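Spelled out, the chains give:
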Amino acid sequence: MNLRIPGPTPCPEEVLQATGQQMINHRGPEFAQMLRRVTDGLNWVFGTSSDVLSVTTSGTGGLEFAVVNTLSPGDKVLSVSIGSFGDRLKSIAKAYGAEVVSYALEWGEAADPAEVGRLLDADAEIKAVMVTHNETSTGVTNPLELIAAEVRKRDRLLIVDAVSSLSSVPCPVERWGLDVVVSGSQKGWMAPPGLAFVYMSERAWAANADSKMPKYYFDAVKTRDSLAKLQTPWTPAVSIYYSMDKAFELMRAEGLEGIFTRHEDLASYTRQRVKSLGLKLVPVDEKFASNTVTAVWWPDGIDGKALSKRAREEFGLVLGGGQGKLEGKIFRVGHLGYVYKDDVVSALDVVEELLA
Ligand SMILES: *Cc1c(COP(=O)(O)O)cnc(C)c1O
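If you're wondering where the values come from, they're calculated on a predicted model, not measured in any experiment.

Draft legend 1. Summary view of helix α8 (residues 220-228). Regarding α8, the residues found buried are A220, T223, S226 and L227. Down the axis of α8, the sector holding all buried residues measures 130 degrees, keeping them to one side. Packed against the buried residues of α8 are α2 (29-46), β2 (53-56), α3 (59-68), β10 (195-200) and α7 (202-210). Between a side-chain oxygen at the N-terminus of α8 and the backbone nitrogen of V221 the separation is 2.9 Å; the capping residue is D219. A positive backbone phi angle near 55 degrees is found at L230, which sits one or two residues after α8.

Draft legend 2. Fine view of the packing of helix α5 (residues 113-122) against helix α6 (residues 144-153). Contact geometry for α5 and α6: axes closest at 8 Å, N-to-C directions at 20 degrees. Put simply, α5 runs roughly parallel to α6. Crossing of α5 over α6 shows right-handed handedness. Residue-level inspection shows P113, V116, G117 and L120 of α5 in contact with α6, the latter providing L146, I147, E150 and V151. Looking at the contact of α5 with α6, its residues break down into six nonpolar, one polar and one charged.

Draft legend 3. Local environment of α2. If you check α2, its first and last C-alpha atoms are 25 Å apart, about what 18 residues at 1.5 Å a residue would give, namely 26 Å. Those residues of α2 not exposed but buried are F31, A32, M34, L35, V38, T39, G41, L42, N43, V45 and F46. Of the surrounding elements, those touching the buried residues of α2 are β2, β9 (180-184), β10, α8, α9 (238-254) and α10 (256-276). Downstream of α2 by a residue or two, G47 has a phi angle that is positive, lying close to 75 degrees.

Draft legend 4. Examining the sheet that holds strand β5 (residues 126-132) more closely. Read from one edge to the other, the open sheet built from seven strands follows the order β2-β10-β9-β8-β5-β3-β4, with strand pairing classed as mixed. With one partner strand each, in any of the chains shown, β2 and β4 (99-104) form the two edges of the open sheet. Adjacent strand axes in the sheet meet at a mean angle of 20 degrees when their direction is disregarded. By the bridge criterion, six bridges tie strand β3 (residues 76-81) to β4 in an arrangement that is parallel. Within β4, the position partnered with K76 by the bridge is E99. Against the sheet, α6 contacts β5 and β8 (157-161), and its axis sits at roughly 160 degrees relative to β8.

Draft legend 5. Representation of the environment of V344 within the structure. Along the polypeptide, V344 turns up in helix α12 (residues 341-355). Among residues more than four places away in sequence, those in contact with V344 are R4, L266, Y269, T270, H335 and V339.

Draft legend 6. Representation of the site of the ligand in the model. Among the 13 residues in the neighbourhood of the ligand, the closest are listed as S58, T60, T136, D161 and K187. One nitrogen or oxygen atom from the side chain of Q186 is found 2.6 Å from an oxygen atom belonging to the ligand. In this structure, an oxygen atom belonging to the ligand sits 2.7 Å away from a side-chain N or O atom of K187. Relative to its unbound accessible area of 380 Å², the ligand is 88% covered by the protein chains. Among the secondary structure elements, those contributing two or more residues to the shell around the ligand are α3 and α4 (84-95).

Draft legend 7. Region of interest: the packing of aromatic side chains. Taken as a whole and assessed by the stated rule, the structure comprises 10 aromatic pairs. Ring centres 5.2 Å apart and planes at 80 degrees place the aromatic pair F31 and Y241 in the edge-to-face group. A residue pair is termed long-range when its members are at least 10 positions apart, and F31 in helix α2 and Y241 in helix α9 qualify at 210 residues. Looking at F31, the relative accessible area reads 0%, which means it is buried. With 6.1 Å between their ring centres and 25 degrees between their planes, F46 and W189 make a pair best called stacked. Of this pair, F46 sits in helix α2 while W189 sits in the loop between β9 and β10; the two residues are 143 residues apart in sequence, bridging distant segments of the chain. Looking at F46, the relative accessible area reads 0%, which means it is buried. For W189, a relative accessible area of 0% gives the class buried. Through a chain of ring-to-ring contacts, three or more aromatic side chains come together here, namely F65, Y216, Y217, F218 and W234. A cation sits over an aromatic face here: K187 above F85, 5.5 Å from the ring centre. When the ring centre of W205 is taken as reference, the NZ or CZ atom of R224 above it lies at 4.3 Å.

Cut-offs applied
- Residues numbered from 1 in each chain as written.
- Predicted model: local features only at pLDDT ≥ 70, side-chain atom pairs only at ≥ 80, totals over all residues.
- Heavy atoms only, no water.
- Buried < 20%, exposed > 50% of the residue type's maximum accessible area, 1.4 Å probe, protein only.
- Helix = DSSP H or I, 4+ residues; strand = E, 2+ residues; numbered from the N terminus.
- Arc of directions from axis to C-beta.
- Contact = heavy atoms within 4.5 Å.
- Polar contact = N/O pair within 3.5 Å; in protein donor to acceptor, adjacent residues only side chain to side chain.
- Axes fitted to C-alpha atoms, helices over the stretch in contact; angles between N-to-C directions.
- Parallel < 35°, antiparallel > 145°, perpendicular 65-115°, else oblique.
- Left-handed = near helix turned anticlockwise from the far one by under 90°.
- Nonpolar A, V, L, I, M, F, W, Y, C, P; charged D, E, K, R; others polar.
- Expected span 1.5 Å × (residues − 1).
- Pairing = 2+ DSSP bridges.
- Near = heavy atom within 4 Å.
- Areas by Shrake-Rupley, 256 points an atom, 1.4 Å probe, with all protein chains shown as cover.
- Phe/Tyr/Trp six-rings, centres within 6.5 Å; stacked < 30°, edge-to-face > 60°.
- Lys NZ or Arg CZ within 6 Å of the ring centre and 35° of its normal.

So this is what it looks like as structure tokens:
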């Protein structure tokens, strides 16, 4: 199978083998050493010297962790949404009683940093901004560094969903001045699902001290205090720590620049190839097209679902479909994590053949 969905992504053989190791005491010395190594790896990739938290949950759990640990019911937050994951983050904030102001764009567009600045100037009560770095549903990457600069100028809190960007494209959390940043093991990290990673800045910890949203399992203080003892508050997904431990060995061997360049090259090949087939990209402005997932409109009059089914059954190619209102209208090619040229070339060969 050529699994070309934007997560879960394929894992290297070495990672799969590591994942299958025997269980250990999660309060014993071997786990402590592994948690230290994995946390060092996270700090390296996130670009921070303060320990990134890891939580046994999926990416969505990481987003919920971010919200409940920094906000209180009634807090005004600006939701910047350019697709289904932006909408999800907004729903989480609403579910916990935040008062959400919405900046929603047409799917396929990127957010305008200047507009974020204007919206914040217009309402001094907005305490936090929530934004998706890479919107996996539309294949659009927001200009996060510029958005962050606008938020910093006005000293609000910035909560970032970097689930499908971090580790594949640059997202240096300290350099860009981000406050709460979430990622997940099954996207670009070459590991199976099961762990979410959450960075919190000093400002985020200060917000945490005032935060009144209910939390128990997802309590950042409990997580941080356990981490100080090289433990987790609850039984962790030990197997996924094995995976991450091995994945970091591979990532360090390749180096961050190498990883970023590989993703850039694969994405640029995918976009060129798709356009050469006469297909249209979902991102309205190619400048914001994602380097981890390419979203493409099926041509008019084509039954996208039927073609995806044939891709899977006849060619062993699993494409991502459209989410929400894009269902059946687009396909997505994931090119993040453990992925090389052959994987995308053969995927696009299949698309070409099916369209012909
Ligand atoms: C995959 C993804 C999520 C959700 O992660 P789950 O692990 O499915 O809960 C959130 N945001 C973005 C941008 C994603 O790509």
